[in-house]
Amino acid sequence: MMWSKLKKLGAVTLAALCMAGLTGCGKSNGGGGVKQNTAKFPTRQIKMLVPWNAGGSADIAVRTLQPYLEKEMGTKITVVNMPGANGWIAWNELLKAKPDGYTIAQMNLPTVYAGWMDPQQKRNASLDSFMFVANEVTDTDCLVVKANDDRFKDLKGFLEYAKTHEILSGDNGVGTNTHLLEVNLTNNFKDLKLKQVHQTGWANNYSALLGGHIDVSWGGVGNVLQGYKDREVRVLCTFADKRSSLMPDVPTFNELMPGYNITSPSDRGFALPKGVDPAIYKRWVEAMDKAIHNEEFQKKMAALGQNINYIGGDEYTAYAKKEEGNMKKFADVLGWNK
């Protein structure tokens, strides 16, 4: 009699624990684990990894979006800066995270591609290691010089000077969009004497440029805008299809050099690690869509000089694949096919 009561009590307790989510009860996901209750996601705070230093335009874009995304997700989002290795400190951390939707990272295209396209990196990652959620911003690179540098009056003056003088050219690191812009430019103008100086971001390039440690630098409109407004730097051109509304007096490279087509976009969005439940992935895409299209958020980004370019879900994934294909044209030049 007593044993029968104990068995009943044990069954009731176990059932209660399962309902409370305190045990491993539930439907198997086929991989030996337990399927998440996606209907209640999220139930705790989320970690968002930023591969760059705090205070840069990439970090500011994330932190400006943060409160609107928290509202849509219904939970707190903690932003964690993990700079280094051209973004791969953060992206490696993302790929090591449990694919439960509680860890997400800012994604930078084309910078991420170098992580597996460059054989020296010896990484097993690929585009399929990530689930691309949404693109937030597309920035455009500029050619920047110190305001009082009389050697470079304009773009053509820079190109002529660089044919006969070594130019210390600051970029954001190997495989980043600014590095690839330098490579693209020297491919089109074989006699340019650009000596690449790999930095870790615009902040370092900016201080090096003002300090006279480099001659020129390349930075996105969002990064360069304040120095441009303060007249500490001059922008010789942008690398886009049309002039930036934030710098309407600055011509594009293609405008100044007819017959060439050199552009340099930099896309910043968000990605999850491979294996996240489709329902949770959909939840993220929908939240990003609403947060990025929030009118108040968009006004703040416009004031910051950040160009919103929302691409979500499957469309963003397809875009990332297309851009990876475009990246392959640099492989031979960068020695990645050796």
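One can find the structure itself at the top, above this paragraph.
Residues numbered from 1 in each chain as written. Predicted model: local features only at pLDDT ≥ 70, side-chain atom pairs only at ≥ 80, totals over all residues. Heavy atoms only, no water.

Draft legend 1. Representation of the pairing of strand β9 (residues 265–273) within the structure. With 8 of 9 residues buried, β9 lies mostly within the body of the structure. As judged from the 5 bridges shared by strand β3 (residues 103–109) and β9, these two strands associate in the antiparallel manner. Looking at the pairing, glutamine 106 lines up with phenylalanine 270 of β9. (Buried < 20%, exposed > 50% of the residue type's maximum accessible area, 1.4 Å probe, protein only. Helix = DSSP H or I, 4+ residues; strand = E, 2+ residues; numbered from the N terminus. Pairing = 2+ DSSP bridges.)

Draft legend 2. Region of interest: the pairing of strand β8 (residues 233–238). With 5 of 6 residues buried, β8 lies mostly within the body of the structure. Bridging between strand β4 (residues 130–146) and β8 involves 5 bridges; their strand directions are antiparallel. Note that in β8 the partner of valine 144 across the bridge is valine 235.

Draft legend 3. Examining the layout of surface pockets more closely. In this structure, the largest pocket encloses a volume near 930 Å³. Every residue lining the largest pocket is counted, 35 residues in all, and those nearest its centre are Asp139, Thr140, Phe239, Ser264 and Pro265. Put simply, the parts of the chain that give the lining of the largest pocket at least two residues each are β4, α6 (177–188), β9 and α12 (313–327). Partitioned by chemical class, the residues of the lining of the largest pocket number 15 nonpolar, 13 polar and 7 charged. (1 Å grid on protein atoms, 1.4 Å probe; cavity = no way out; pocket = protein on both sides within 12 Å on 5 of 7 lines; lining within 4 Å. Points joined across faces, edges and corners; volume = space filled by probe spheres on them. Nonpolar A, V, L, I, M, F, W, Y, C, P; charged D, E, K, R; others polar.)

Draft legend 4. Summary view of the side chain of serine 266. The topology assignment puts serine 266 in strand β9. Discounting chain neighbours no more than four positions away, the residues touching serine 266 are Leu109, Val137, Thr138, Asp139 and Asn177. (Contact = heavy atoms within 4.5 Å.)

Draft legend 5. Fine view of the packing of aromatic side chains. In total, this model carries 18 aromatic pairs according to the counting rule given. Look at phenylalanine 152 and phenylalanine 158: their rings are 5.7 Å apart centre to centre, the planes differ by 70 degrees, and that puts the pair in the edge-to-face class. The burial state of phenylalanine 152 is the same as that of phenylalanine 158; both residues are buried. (Phe/Tyr/Trp six-rings, centres within 6.5 Å; stacked < 30°, edge-to-face > 60°.)

Draft legend 6. How the structure looks around α6. For α6, with 12 residues, the first-to-last C-alpha span of 17 Å sits near the 16 Å given by 1.5 Å per residue. Burial analysis of α6 places 9 of its 12 residues in the buried class, which makes it a mostly covered element. Residues of α6 that are buried include every one of Asn177, Thr178, His179, Leu180, Leu181, Glu182, Val183, Asn184 and Leu185, and no others. (Expected span 1.5 Å × (residues − 1).)

Draft legend 7. Seen up close, the pattern of salt bridges. Within this structure, the stated rule accounts for 9 salt bridges. With its nearest N and O atoms 2.9 Å apart, the salt bridge here joins arginine 63 to aspartate 59. Separated by 4 residues within a single helix, arginine 63 and aspartate 59 lie in helix α2 (residues 57–73), roughly one turn from each other. Using a relative accessible area of 3% as the deciding quantity, one classes aspartate 59 as buried. Within this structure, Asp149, Arg151 and Asp215 form a network of salt bridges that share partners. (Salt bridge = Lys/Arg side-chain N within 4 Å of Asp/Glu carboxyl O.)

Draft legend 8. Spatial organisation of the side chain of threonine 238. Here threonine 238 shows up in strand β8. The class for threonine 238 is buried, based on a relative accessible area of 1%. Contact partners of threonine 238, with chain neighbours within four places excluded, come to Thr140, Asp141, Cys142, Val250, Pro251, Thr252 and Phe253.

Draft legend 9. Region of interest: the environment of asparagine 205. With respect to the helices and strands, the residue asparagine 205 is situated in helix α7 (residues 202–210). If we skip the residues at most four places from it in the chain, asparagine 205 touches Gly170, Asp171, Asn172, Gln199, Ile214 and Ser217.

Draft legend 10. Main features of the state of the cysteines. Throughout the structure, instances matching the rule amount to 0 disulfides. With no disulfide of its own, cysteine 142 has cysteine 237 as its nearest cysteine by sulfur position, at a separation of 7.8 Å. For cysteine 142, a relative accessible area of 0% puts it in the buried group. Residue cysteine 237 is classed as buried on the basis of its relative accessible area, which comes to 0%. (Disulfide = S-S within 2.5 Å.)

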